[in-house]
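# Remarks on the overall topology
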Amino acid sequence: MRAAVFQGNGRLAIEDRPEPVITAPDDVIIAVEACGICGTDVQILNVPPGHPATPGTIMGHEFIGHVTAVGSAVSDLRVGQRVTVDADPKCGACTSCRAGRPANCLNLSALGIFRDGALASHVKAPAGAVYPLSEKPPREIAALIEPLACVVNGTNRAAARPGESVVVFGAGPIGCLFTAVLKAAGATPIVVVEPNATRAAVARAVGADVTVTPDELAVRRAELLPEGADIVVDAVGSLLPACIETAGMGGRIILFGMNSNARPPVHQVEITEKGLTVHGTYITNFTFPAAIRLIESGVLDLAPIVSEVLPLERTAEGIEHLRTGQATKVVITP
Ligand SMILES: [Zn+2]
Ligand SMILES: [Zn+2]
């Protein structure tokens, strides 16, 4: 099969790889229908990388497909069934998993990052991470389930209440998903800070009341948010200082974006004085079922987030469109 493989040091290549086969009793083989490219993939391919990954790994972790084979111990999935996959299978046995915090699992090995993922015609996943999905949602919308499940976890951490004000930094796919979910949860106003006009338009299409550039926020903050924001989301990965400045008394900050190169100086006293709560969150925590229901019901209009649907051979082009900001979400159909 053809596969998009991370070769290390910023390089991605389309290579021939053998199709995965059942080797463990809980293995599930899935024919990939659609796989989104994530900001994490862009970070992996940056030099120096903003996120670690194992060279030689097939990339792609936001995917849906149909089961083509199951191991001997798999009883609740059948061949032909449409499914999505938690790309961060939790071990269920470590101290974090046993404490009810699977997002902190000590034995994570993400598909598409540290073991082969779904930018290929077929992918193997452990049955415990595979979730049935109806045939109803279009493939490019269903491919948003994985990032949406991560965003639902972040939203849960913020304990959003109706009528609370929100600022989202960054209108990439994650910032736009936070905007859509918080809008549905009754947040108002939602201010999205984004320098790129194309991406800002997507944020407005999925629920932002106002979009501003970082410079405009500095000028209009007192007018838009006289008491500061109740919830501030960093969907960029380096903006904790701006989040602290933007949060109001008792505000909650969600640090979702990941950039391991970022080490911003922090005005710590403001966290103390305002009584802020800072939540670090990036993957799922029992939130796949909720994300699947949100997608299957169509309660969120997420179509504006998907900019392009491309074949596997054009993966590098899609990643470049994400890096330059001309695309929001690129979905590959291997
Ligand atoms: Zn992702
Ligand atoms: Zn664990």
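Since we're looking at a predicted model, the values are computed, not measured.

Turning next to helix α10 (residues 288–297). Among all positions of α10, only Phe 288, Ala 291, Ile 292 and Ile 295 are buried. For α10, the angular spread of the buried residues around the axis is 100 degrees, confining them to a single face. Looking at the buried residues of α10, the elements they touch are β5 (82–85), β7 (130–132), α3 (139–142) and α4 (145–158). At the C-terminal side of α10, Gly 298 shows a positive phi close to 70 degrees.

Now for the coordination of the zinc ion (ligand 1). Tetrahedral coordination by four donors sets the ideal angle at the metal to 109.5 degrees; octahedral coordination by six donors sets it to 90 or 180 degrees. Bound to the zinc ion (ligand 1) on the protein side are Cys 38 (SG), His 61 (NE2) and Glu 62 (OE), at distances that span 2.1 to 2.6 Å. When the donors of the zinc ion (ligand 1) are listed by position in the chain, the intervening gaps give C-x22-H-E. Remark: Glu 62 occurs in strand β4 (residues 62–70) and Cys 38 occurs in the loop between β3 (27–37) and α1 (39–44); sequence separation between them is 24 residues. In this pair, the class of Cys 38 matches that of Glu 62, namely buried.

Once that is clear, we can look at the coordination of the zinc ion (ligand 2). The coordination sphere of the zinc ion (ligand 2) contains the protein donors Cys 91 (SG), Cys 94 (SG), Cys 97 (SG) and Cys 105 (SG), at a distance range of 2.3 to 2.4 Å. Around the zinc ion (ligand 2) sit four donor atoms, and with donor-metal-donor angles ranging over 104 to 118 degrees the site reads as tetrahedral. For the zinc ion (ligand 2), the donor residues sit on a single chain with the sequence spacing C-x2-C-x2-C-x7-C. Here the residue Cys 91 occupies a position in the loop between β5 and α2 (95–98), and Cys 105 occupies one in the loop between α2 and β6 (122–126), the gap between them amounting to 14 residues. What makes Cys 91 partly exposed here is its relative accessible area of 33%.

Right, let's talk about the packing of aromatic side chains for a bit. Within the structure shown, the criterion is met by two aromatic pairs. Here Tyr 131 and Phe 288 contribute two aromatic rings whose centre-to-centre distance is 5.0 Å and whose plane-to-plane angle is 10 degrees, an arrangement assigned as stacked. Of this pair, Tyr 131 sits in strand β7 while Phe 288 is found in helix α10, placing the two residues 157 residues apart along the sequence. We classify Tyr 131 as partly exposed; its relative accessible area is 23%. Their ring planes at 85 degrees and their centres at 5.5 Å tell us that Phe 178 and Phe 256 sit as a pair that is edge-to-face. Here Phe 178, found in helix α5 (residues 173–184), pairs with Phe 256, found in the loop between β12 (247–255) and α9 (268–274); they are 78 residues apart in sequence, far enough to count as distant.

For the chain, the assigned domains read domain 1 (2–144 + 302–333) and domain 2 (149–280). The C-alpha centroid of domain 2 is placed 27 Å from the C-alpha centroid of domain 1. Tallying the contact residues gives 16 residues for domain 1 and 17 residues for domain 2. Summing the contributions of domain 1 and of domain 2, the shared interface buries around 1300 Å²; its carbon and sulfur component is 57%. Looking only at domain 1, the three residues that lose the most surface to domain 2 are Pro 304, Ile 305 and Thr 328, adding up to 35% of its buried area. Our count for the contact surface shared by domain 1 and domain 2 stands at zero salt bridges. Our count for the domain 1 to domain 2 interface comes out at five residue pairs in polar contact (both at pLDDT 80 or more). Within the side of domain 1 that touches domain 2, the residues separate by chemical class into eight nonpolar, seven polar and one charged.

By volume, the largest pocket is sized at about 960 Å³. Taken together, 45 residues line the largest pocket, and the ones lying closest to its centre are Cys 38, Gly 39, Thr 40, Gln 43 and Met 258. Elements supplying a minimum of two residues to the lining of the largest pocket: α1, α4, α5 and α11 (315–324). When residues of the lining of the largest pocket are assigned to their parent elements, the largest contribution, four residues, is made by α1. Among the residues forming the lining of the largest pocket, the class breakdown is 23 nonpolar, 15 polar and seven charged. The residue makeup of the lining of the largest pocket includes at least three contributed by each of domain 1 (2–144 + 302–333) and domain 2 (149–280). Empty space within the second largest pocket amounts to approximately 230 Å³. Along the wall of the second largest pocket there are 15 residues; nearest its centre are Asp 86, Lys 90, Pro 102, Gly 128 and Tyr 131. Class assignment for the residues of the lining of the second largest pocket results in eight nonpolar, four polar and three charged.

Calculation criteria
- Residues numbered from 1 in each chain as written.
- Chains lettered and ligands numbered in written order.
- Predicted model: local features only at pLDDT ≥ 70, side-chain atom pairs only at ≥ 80, totals over all residues.
- Heavy atoms only, no water.
- Buried < 20%, exposed > 50% of the residue type's maximum accessible area, 1.4 Å probe, protein only.
- Helix = DSSP H or I, 4+ residues; strand = E, 2+ residues; numbered from the N terminus.
- Arc of directions from axis to C-beta.
- Contact = heavy atoms within 4.5 Å.
- Donors = N, O, S within 2.8 Å, 3.2 Å for Na, K, Ca; no water.
- Tetrahedral: all angles 85-135°; square planar, octahedral: opposite > 155°, others 65-115°.
- Phe/Tyr/Trp six-rings, centres within 6.5 Å; stacked < 30°, edge-to-face > 60°.
- Domains from an automatic or database assignment.
- Buried area = accessible area lost by both parts, 1.4 Å probe.
- Salt bridge = Lys/Arg side-chain N within 4 Å of Asp/Glu carboxyl O.
- Polar contact = N/O pair within 3.5 Å; in protein donor to acceptor, adjacent residues only side chain to side chain.
- Nonpolar A, V, L, I, M, F, W, Y, C, P; charged D, E, K, R; others polar.
- 1 Å grid on protein atoms, 1.4 Å probe; cavity = no way out; pocket = protein on both sides within 12 Å on 5 of 7 lines; lining within 4 Å.
- Points joined across faces, edges and corners; volume = space filled by probe spheres on them.

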